[in-house]
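# Breakdown of the fold
Each chain, written out:
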Amino acid sequence: MGEFTSGFFIGDQPTNGRVLVVDDEADVRKVVRMTLQKAGYDVLEAENGEKAIETINSGENRLLLDVLICDIRMPKINGVEAIAYFRANYPRVPVIVLTGFPDADMATSMLRQGVVDYLVKPVEGEKLRESVARAMEQRELAHL
Amino acid sequence: MEGKAIVPPLHPGGHAVPPLTDRAVVSKLAPTKVAILGAGRGGTALLDLLHLIPSVEIVGISDRDPGAPGLSRAKNLRIPVVDRLEELVYNHGVNLIMDVTGDPEVERFVQLHKRPETEVLSGSAARLLWELVRHEANLQAELFHAEKLAGIGSFAAGVAHDINNPLQLIMGLAENLSEETDLKTVREQAHEIVEAVRRTSAICRDLTQYARKTSARDETVVYLNNRLDEALKIARYAASFHDINVRQEYEDGAAARGNPDEILHILVNLITNAVQAMEQGGGTLTLTTEHFSDGVTLRISDTGCGIEPQVLDQIFEPFFTTKEPGKGTGLGLYNVKAIVTKMRGKIDVDSRVDCGTTFTITFPSPSEGST
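Residues numbered from 1 in each chain as written. Chains lettered and ligands numbered in written order. Predicted model: local features only at pLDDT ≥ 70, side-chain atom pairs only at ≥ 80, totals over all residues.

### Thoughts on the nonpolar core
This is how the line gets drawn: A set of buried residues drawn from Ala, Val, Leu, Ile, Met, Phe, Trp, Tyr and Cys, joined through C-beta atoms within 7 Å, is what defines a nonpolar core. Partly exposed residues are those whose C-beta has more than 12 but fewer than 20 other C-beta atoms within 10 Å; with 20 or more the residue is buried, with 12 or fewer it is exposed, and the C-beta atoms are placed from the backbone. The secondary structure listing takes helices from DSSP runs of H or I that are at least 4 residues long and strands from runs of E that are at least 2 residues long, numbered from the N terminus. Placing C-beta atoms from the backbone, we regard two residues as in contact once those atoms come within 7 Å.
If you look at the biggest cluster of nonpolar residues, it comprises 42 residues, and the most contacted ones within it are Leu224(B), Ala231(B), Ala235(B), Leu267(B), Leu270(B), Ile271(B) and Val275(B). With nine residues, the top contributor of residues to this core is helix α10 (residues 260–276) of chain B. Residues within four places of Ala235(B) in sequence aside, it is in contact with Val268(B), Ile271(B), Thr272(B) and Val275(B). Formed by 39 residues, the second largest nonpolar core is a distinct cluster that contains Tyr41(A), Val95(A), Ile96(A) and Ile170(B).

In structure tokens form, the structure reads like this:
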């Protein structure tokens, strides 16, 4: 278990924070979940931007979400639209892009919109955990 | 279409000469009837070009060598193959003899025995003509390939998505396996890695096969339903199929005679266009094949943005595109029409703005003796 930062409790277990993973590929969601759970995060999943918006707006999740990890190329509401929605409505929730398509223009545009990291698949577990930990720090600073 | 305006005047020699302005009308009434002597490379090149021209009727082709390549090509195109070339020389219905045998004996025979009103193209003039035809055919092939490669550039995002997602799975599972102690989980995850590698290598195989230069193999019978399925797979790299409902309404055994690589490419083009037309808001892509008495109909239909009526008659022109600069070559539909015409087929488009577009292609039945 890594350091305890946000003080949330899921059931009786303390977690390092709650992360929502938005990706249309179940396999990707599965390994991101596996990687982050090992570091003590509670992980929620959504298969597209529409489901992500539903998830974050449903009851307690609105209060408990710490970090959003979002793909770009997805059905329904794609990553660009979903991120714009989250940045507008939940500006304190840091967003990490995890995409299969390295695109410098897209990365620049996303970082300008306040995305904290732009990761290209396949990303190593350690790098992903570091990125989420950094995002968590920003989240805490935003609370101060 | 009978009428006084199209009666050709006589020139001083007494031969009918069509007025320049009425050429198209005259050609509908009186096609130039051509006999081709020689079915080697030159004869085959002429055959390939002339059979596409509506105002030309190829009366027959002949060669003293029964194994000459142009003879089997002519059979595929349902053009009469004449055993003795003398018969074509004597034929009353021939306006023009094109002698590409390069044989001085044949040339002499033609000059001596042809009908007075029959014109002859032979010797170095005929050779120059078929060289030009061959050059043109090579350019067309290069253009076709260049357009295909340009299109593959647009596959980058789709390919990256489909390769990097399984790679992410492989990375995550492999990292987990280095610490995993439960043997059952180890076996399951090792199996998942193998499957992910297979999926990734299938993408590379599909794309390298598609990207290769169209093979020069002879035309064959191509089963259109299989080709449509294959094209659907490739088009998924070029356009996002999110929110697209695909309906496949195939009739068994739908087939046409053509080059399989070329047919695949034109189907990829049409499917990609259809899906891109539905980028905003999704829709339904319907792929249909059905038989009719003399052939087969293939339809690719979308419920997308449609084509503006004022540009509908330009879409098959070279370099015409409605896409943003750098996004399209303007050669896609031009190549589609060229290939369909080469296969003796017809392509029609029906489109309504905000309702969708349907491309309907009809191909004649593949002739007998096919593979």
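### Things to note about the interface of chain A and chain B
To keep it simple, the criterion reads: Gly is put with the polar residues, along with every residue not named as nonpolar or charged; the nonpolar set is Ala, Val, Leu, Ile, Met, Phe, Trp, Tyr, Cys and Pro, and the charged set is Asp, Glu, Lys and Arg.
Counting residues at the interface gives 17 residues for chain A and 16 residues for chain B. Looking at the side of chain A that touches chain B element by element, the count peaks at five residues for helix α1 (residues 26–38) of chain A. Along the lines of polarity and charge, the residues of the side of chain A that touches chain B split into eight nonpolar, three polar and six charged.

### Quick look at the packing of α10(B) against helix α11 (residues 332–342) of chain B
Residues and elements named next belong to chain B. The line we're drawing: In this analysis, axes come from line fits to C-alpha atoms, helices being fitted only over the stretch in contact, and the angle between any two N-to-C directions falls in the range 0 to 180 degrees. In what follows, roughly perpendicular refers to angles from 65 to 115 degrees, roughly parallel to angles under 35, roughly antiparallel to angles over 145, and oblique to any angle outside these ranges. Crossings are assigned a handedness: left-handed for a near helix turned anticlockwise from the far helix by less than a right angle, right-handed for a clockwise turn.
Here α10 crosses α11 at 140 degrees, and the two axes come no closer than 10 Å. As far as their axial angle goes, α11 and α10 are oblique. For the pair α10 and α11, the crossing hand works out as left-handed. Taken together, the residues of α11 that come into contact with α10 (itself represented by Glu262, Ile266, Asn269, Leu270 and Asn273) are Gly332, Asn335, Val336 and Ile339. Looking at the contact of α10 with α11 residue by residue, the class counts come to four nonpolar, four polar and one charged.

### Some words on the packing of helix α9 (residues 224–238) of chain B against α10(B)
Residue and element names in this part refer to chain B. It is at 8 Å that the axes of α9 and α10 come closest, and there the two elements cross at 50 degrees. The angle between α9 and α10 places the two elements in the oblique class. For the pair α9 and α10, the sense of crossing is right-handed. Side by side, α9 and α10 meet where Arg227, Leu228, Glu230, Ala231, Leu232, Ile234, Ala235 and Ala238 of the first sit next to Pro260, Ile263, Leu264, Leu267, Val268, Ile271, Thr272 and Val275 of the second. Of the residues assigned to the contact of α9 with α10, the class counts are 13 nonpolar, one polar and two charged.

### Observations regarding the pairing of strand β8 (residues 283–292) of chain B
All names here are of chain B. Heads up, the condition is: Two strands make a pair as long as DSSP finds a minimum of two bridges between them.
Judged from the six bridges that link them, strand β6 (residues 244–249) and β8 form a sheet pairing that is parallel. Pairing of Gln248 across the sheet is with Leu287, part of β8. Looking at chain direction, β8 and strand β9 (residues 295–302) are connected through seven bridges and run antiparallel. Opposite Thr286, over in β9, you have Ser301 as the bridge partner. From the end of β8 to the start of β9, which pair antiparallel, there are two residues.

### Topic: unusual backbone geometry
Following Lys121(A), the chain continues to Pro122(A) via a peptide bond in cis, the omega torsion being -5 degrees. Positive phi is not limited to glycine here, since Asp243(B) has a value of about 65 degrees. Structurally, the position occupied by Asp243(B) is in the loop between α9 and β6.

### Topic: the environment of Asp350(B)
Residues and elements named next belong to chain B. One can find Asp350 in strand β10 (residues 346–352). Judged by local crowding, Asp350 falls into the partly exposed class, with 14 C-beta atoms found within 10 Å. Separated by 44 residues in the primary sequence, Asp350 and Gly306 have C-alpha atoms spaced 9.0 Å apart.

### Things to note about the confidence of the model for chain B
Our working definition: Confidence scores labelled pLDDT are given residue by residue by the predictor and lie between 0 and 100.
Here chain B averages 85 in pLDDT, and 88% of its residues register 70 or above. Across the interfaces of the predicted complex, the ipTM metric reaches 0.85, alongside a pTM of 0.68.

### Observations regarding the sheet that holds strand β2 (residues 56–62) of chain B
Residue and element names in this part refer to chain B. The four strands lie next to each other as β2-β1-β3-β4, forming an open sheet whose pairing is parallel. Every other strand in the sheet has two partners, leaving β2 and β4 (119–121) as the edge strands with one partner each. Along the sheet, successive strands turn relative to each other by an average axial angle of 20 degrees, direction set aside. The sheet contact formed by strand β1 (residues 32–37) and strand β3 (residues 96–99) spans four bridges and is parallel. Bridged to Ile36 within β3 is Met98.

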